[in-house]
2 protein chains.
Amino acid sequence: MAKFLPLTALWLAALVLSVPPGLASEPMHFYARPANGLALTPPMGWNSWNHFGCHVNAALIEREARAMVSSGMKAAGYRYVIIDDCWQGARGPNGNIHADRKRFPQGMKAVVDAVHALGLKFGIYSDAGAETCQGRPGGRGHEYQDALTYARWGVDYLKYDWCNTGGERPRTAYATMADALRATGRPIVFSLCDWGVRAPWRWGAAAGGNLWRTTPDIWDSWSGHHGFAIGMLNILDRQVGLAHYAGPGHWNDPDMLEIGNGGMTQAQYRAQFSLWAMLAAPLIAGNDLTHMDAQTRAILTNREVIAVDQDRLGIEGQPVYRHGAAEIWVRPLTGGREAVVLLNRGTQPLSMRLTWSELGLPSYLPVQLRDLWRHRDLPVATHAVRFHVAPTSVIMLTETPVRPGHSG
Amino acid sequence: MAKFLPLTALWLAALVLSVPPGLASEPMHFYARPANGLALTPPMGWNSWNHFGCHVNAALIEREARAMVSSGMKAAGYRYVIIDDCWQGARGPNGNIHADRKRFPQGMKAVVDAVHALGLKFGIYSDAGAETCQGRPGGRGHEYQDALTYARWGVDYLKYDWCNTGGERPRTAYATMADALRATGRPIVFSLCDWGVRAPWRWGAAAGGNLWRTTPDIWDSWSGHHGFAIGMLNILDRQVGLAHYAGPGHWNDPDMLEIGNGGMTQAQYRAQFSLWAMLAAPLIAGNDLTHMDAQTRAILTNREVIAVDQDRLGIEGQPVYRHGAAEIWVRPLTGGREAVVLLNRGTQPLSMRLTWSELGLPSYLPVQLRDLWRHRDLPVATHAVRFHVAPTSVIMLTETPVRPGHSG
């Protein structure tokens, strides 16, 4: 039975409960923050890559943006409509980048304006190398020029990839682009995407990143891998130990959501959404918003899970218990609460016991648990509660200590 | 008596004399060349830094350009009028670089046009970092934009410095700028200036450089150092072992000439000019061409020494003998000839014996020596010749084997 250090001591200072002396004043984040003041909670939005790959055009982006509103995604908190690779045409005689004329006949600014008119924000994609992953013009040596172009188009978010970068250092290359974005004067969220190769959690914030990919691309699968891309649990496992690098304005990015793309069951997709919320991950949907079934929409717009992801403390969750297929993750929330995920990684049902010691709480404390997928409170309990967790699925809870005098 | 491997075997294949089998077909240069086809002999010109430092303006540059013609420098082969740091004003709203308006009231293109009108070429300066050494705007992240600006102004040569580059890799940063220059379509000589810190001789040509500095800045002195800058002999010593990295289109750069700037004697300046010619070094004068005394002009326009520097084989000389203050350098030339420098580094007169074995020649061979500073042939000799070399000075010779049947 492997035990991980409970996180709760950090925030329990906010409670009237006694905490070990000294811990209460310990700083939560030790790393430089990007100066742009953006992404104080993890960005939420949609990106074209996971579903549409290179097949992007103006009509598609505007259609998805409208669906983000009509589907209720916008109301649930999703804001950024992000076009990934393949939007680029050639550079003009001054070296300025232009959108592909066939795919974007009115130019990119018209698309940005349409997205803004819906009350949404617009994200774009480029690459630190001479070419993007799909062979379009990259940003190397054009950083200030491209940043100005993006700012003029009204871009609010830049995902910056790492293909074809021969010889560049990630930290240095990303810092150049961050400086260029800053120089435009426009607030632009900066999303680093070196696939975690050079431990970007160590320098991503100092280099001006609001988020940084921690792994290779996600593959729409519970586990396993597919070439360079890796399944959901493989990505999850690589987040362990990175929690203290994240915080408001600077986030670990375990890649985008696959919910609704068909490679996993609904229970597995609920698991991705739950675990990404525990990770304080960017919630970037990657499905076709114009053809979303009710279950997919219910997952992506689960406000209770989203509230965990967007918790303003910005402390990432960590595993506190792992044994066989069973795993328990805990994330401290504002107000002295915690989010909890019981994960069954395996193909057999599991009976899992959640003990208060895993929550960092004294066993006598009465605690109110709430199931975030069934949307109901459980009976107030002490010591521990037992759960049955279906194969390849999660139960997601919040726990709220019941103050003496207010509880029975 | 330390002996260095004579170079002569490489080119003696061109002679009727017998050479060790195998050596004749050995390739002379093993390193990638820049693709721009420029600088097939070492660039010759003038640069503002050594004499004027930061005090540059349009009138000064145009005056020096006219003096390059009227002084006979142009007729002797000098072509590039290069403005060093401090020409820059701020960047415009599109990020384009502009010349300082006070110093260049008509803009930089007017200066370039004036230089071109004299039949000369124009060189400019920038830096791979965010700022130049003197705190002007640097090229980092603006590479393509700046290259286009230079091309539009008609720039023929770019010296690219290494200040304020935090985190960049020299090879990568210089390759980005080389790509940007290439993309303009204008032939622009590319001069790398990382001060030799990262062994640019190993990658300078592959990164697109036509020349690369091998050392810190030169200090106008026979030896010693002055902060970061080092005296002439200290620079010379650091060239040993680098010869095989240089060749047509890609040159080691031991920094610019100090001749006429007053820190050395005329004999010492003759030594710099002689040794730089042995090194196939760029000959970039650094004095005030408008106030040149007859001796300075005689040194800088010595056509026989310049012919050694500009020899089209492009093989750099190396020391073949060093003992105490005495040093002998030999450089293979086209047509089976060699240039020779006898260097007295010390403050006492030296008697030095030049033996044919140092020249890689059989001792019985009759050889015609010519003194390149006295401009006269010496009597045809065999075996060896003895010279008296004054303190801190050189004797510079060419040797031409006298073919059997043509000699006495």
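These figures come from a predicted structure and were not determined experimentally. (Residues numbered from 1 in each chain as written. Chains lettered and ligands numbered in written order. Predicted model: local features only at pLDDT ≥ 70, side-chain atom pairs only at ≥ 80, totals over all residues. Heavy atoms only, no water.)

> So what about the overall build of chain A? Which residues, and what values?
When helices and strands are counted, chain A shows eleven helices and 21 strands. For chain A, whose C-alpha radius of gyration is 22 Å, the value lies close to the compact-globule estimate of 22 Å for 408 residues. If one aligns the C-alpha atoms of chain A with their principal axes, the spans along those axes are about 75 × 45 × 40 Å. Burial status across chain A gives 59% buried among its 408 residues. A fraction of 69% describes how many contacts in chain A between residues 6 or more apart in sequence connect residues 24 or more apart. Carbon together with sulfur atoms contributes 53% to the accessible area of chain A, which is approximately 15,400 Å² in total. Averaging the positions of the 38 positive and the 34 negative side-chain charges in chain A gives two centres separated by 3 Å. (Helix = DSSP H or I, 4+ residues; strand = E, 2+ residues; numbered from the N terminus. Rg over C-alpha atoms; globule rule 2.2 N^0.38 Å. Buried < 20%, exposed > 50% of the residue type's maximum accessible area, 1.4 Å probe, protein only. Contact = heavy atoms within 4.5 Å. Areas by Shrake-Rupley, 256 points an atom, 1.4 Å probe, with all protein chains shown as cover. Lys, Arg positive; Asp, Glu negative; His and termini not counted. Charge placed at Lys NZ, Arg CZ, Asp CG, Glu CD.)

> Tell me what's going on with the interface of chain B and chain A, and back it up with residues and numbers.
Facing the 18 residues of chain B at the interface are 18 residues of chain A. Together chain B and chain A conceal approximately 1,500 Å² of surface at their shared face, both sides included; 44% is due to carbon and sulfur atoms. Linking chain B with chain A are zero salt bridges, by the criterion used here. On the surface where chain B and chain A come into contact, there are 16 residue pairs in polar contact (both at pLDDT 80 or more). Secondary-structure elements contributing two or more residues to the side of chain B that touches chain A are helix 6 (143-153) and helix 7 (170-184) of chain B. No other element matches the five residues that helix 6 of chain B contributes to the side of chain B that touches chain A. (Buried area = accessible area lost by both parts, 1.4 Å probe. Salt bridge = Lys/Arg side-chain N within 4 Å of Asp/Glu carboxyl O. Polar contact = N/O pair within 3.5 Å; in protein donor to acceptor, adjacent residues only side chain to side chain.)

> I'd like a description of unusual backbone geometry, backed by residues and values.
Residues and elements named next belong to chain B. Phi is positive for Cys86, which is not a glycine, with a value near 90°. Along the polypeptide, Cys86 turns up in the loop between strand 3 (80-82) and strand 4 (88-91). Among the residues examined, Cys86 registers a relative accessible area of 0% and is labelled buried. Residue Asn164 is not a glycine yet carries a positive backbone phi of 55°. Its place among the elements puts Asn164 in the loop between strand 7 (157-161) and helix 7.

> Which residues make up the sheet that holds strand 13 (residues 283-285) of chain B, and what values go with them?
All names here are of chain B. The strand order across the open sheet built from eight strands is 12-9-8-7-6-3-2-13, with neighbouring strands paired in parallel fashion. Looking at which strands have only one partner, the edges of the open sheet turn out to be strand 12 (251-253) and strand 13. This sheet shows a mean twist of 25° between the axes of neighbouring strands, independent of strand direction. Summarising the sheet, strand 2 (residues 44-47) and strand 3 pair through three bridges and their orientation is parallel. Within strand 3, the residue paired with Asn47 across the bridge is Ile82. Sheet strands touched by helix 6: strand 6 (121-127) and strand 7. Its angle to strand 6, the strand with the most contacts, is close to 160°. (Pairing = 2+ DSSP bridges. Axes fitted to C-alpha atoms, helices over the stretch in contact; angles between N-to-C directions.)

> Tell me about the relation of the copies chain B and chain A, residues and numbers included.
Each copy of the sequence occupies a distinct position, and chain B is placed on chain A by a rotation of 180° and an axial shift of 0.0 Å, giving an RMSD of 0.0 Å. In the structure described here, the two chain copies are related by an operation that fits a two-fold rotation axis. For chain B, the residue whose C-alpha comes nearest the rotation axis is B:Gly141, separated from it by 2.4 Å. A symmetric contact is evident, with 100% of the interface residues of chain B recurring at the interface of chain A. (Least-squares fit on C-alpha atoms with pLDDT ≥ 70 in both.)

> Explain the packing of helix 6 (residues 143-153) of chain A against helix 7 (residues 170-184) of chain A residue by residue, including any values.
Residue and element names in this part refer to chain A. One can describe the packing of helix 6 onto helix 7 by two numbers: an axis separation of 8 Å at closest approach and a directional angle of 45°. Classified by the angle between their axes, helix 6 and helix 7 sit oblique to one another. Crossing hand, helix 6 versus helix 7: right-handed. Note on element contacts: helix 7 touches helix 6 through Thr176, Met177, Asp179, Ala180, Leu181, Ala183 and Thr184, opposite Glu143, Tyr144, Ala147, Leu148, Tyr150 and Ala151. (Parallel < 35°, antiparallel > 145°, perpendicular 65-115°, else oblique. Left-handed = near helix turned anticlockwise from the far one by under 90°.)

> Pulling in residues and values, what's your account of the environment of B:Arg171?
All names here are of chain B. With respect to the helices and strands, Arg171 occurs in helix 7. Between the alpha carbons of Arg171 and Leu397 there is a distance of 38 Å; along the sequence they are 226 residues apart. Among all residues touching Arg171, those that are not within four sequence positions of it are Trp203, Ala206 and Ala207.

> Help me get a handle on helix 6 of chain B, residues and values and all.
Residues and elements named next belong to chain B. Of all eleven residues in helix 6, ten are buried; the element is thus mostly enclosed. Those residues of helix 6 that sit buried are Glu143, Tyr144, Gln145, Asp146, Ala147, Leu148, Thr149, Tyr150, Ala151 and Trp153. A positive backbone phi angle near 95° is found at Gly154, which sits one or two residues after helix 6.

> Can you explain the sheet that holds strand 6 (residues 121-127) of chain A? Please cite residues and give values.
All names here are of chain A. If you walk across this open sheet you meet the eight strands as 12-9-8-7-6-3-2-13, and the pairing is parallel. Among the strands making up the open sheet, the edge pair consists of strand 12 (251-253) and strand 13 (283-285). Pairwise comparison of adjacent strand axes, ignoring direction, gives a mean angle of 25° for this sheet. Pairing of strand 7 (residues 157-161) with strand 8 (residues 189-192) involves four bridges; the strand directions are parallel.

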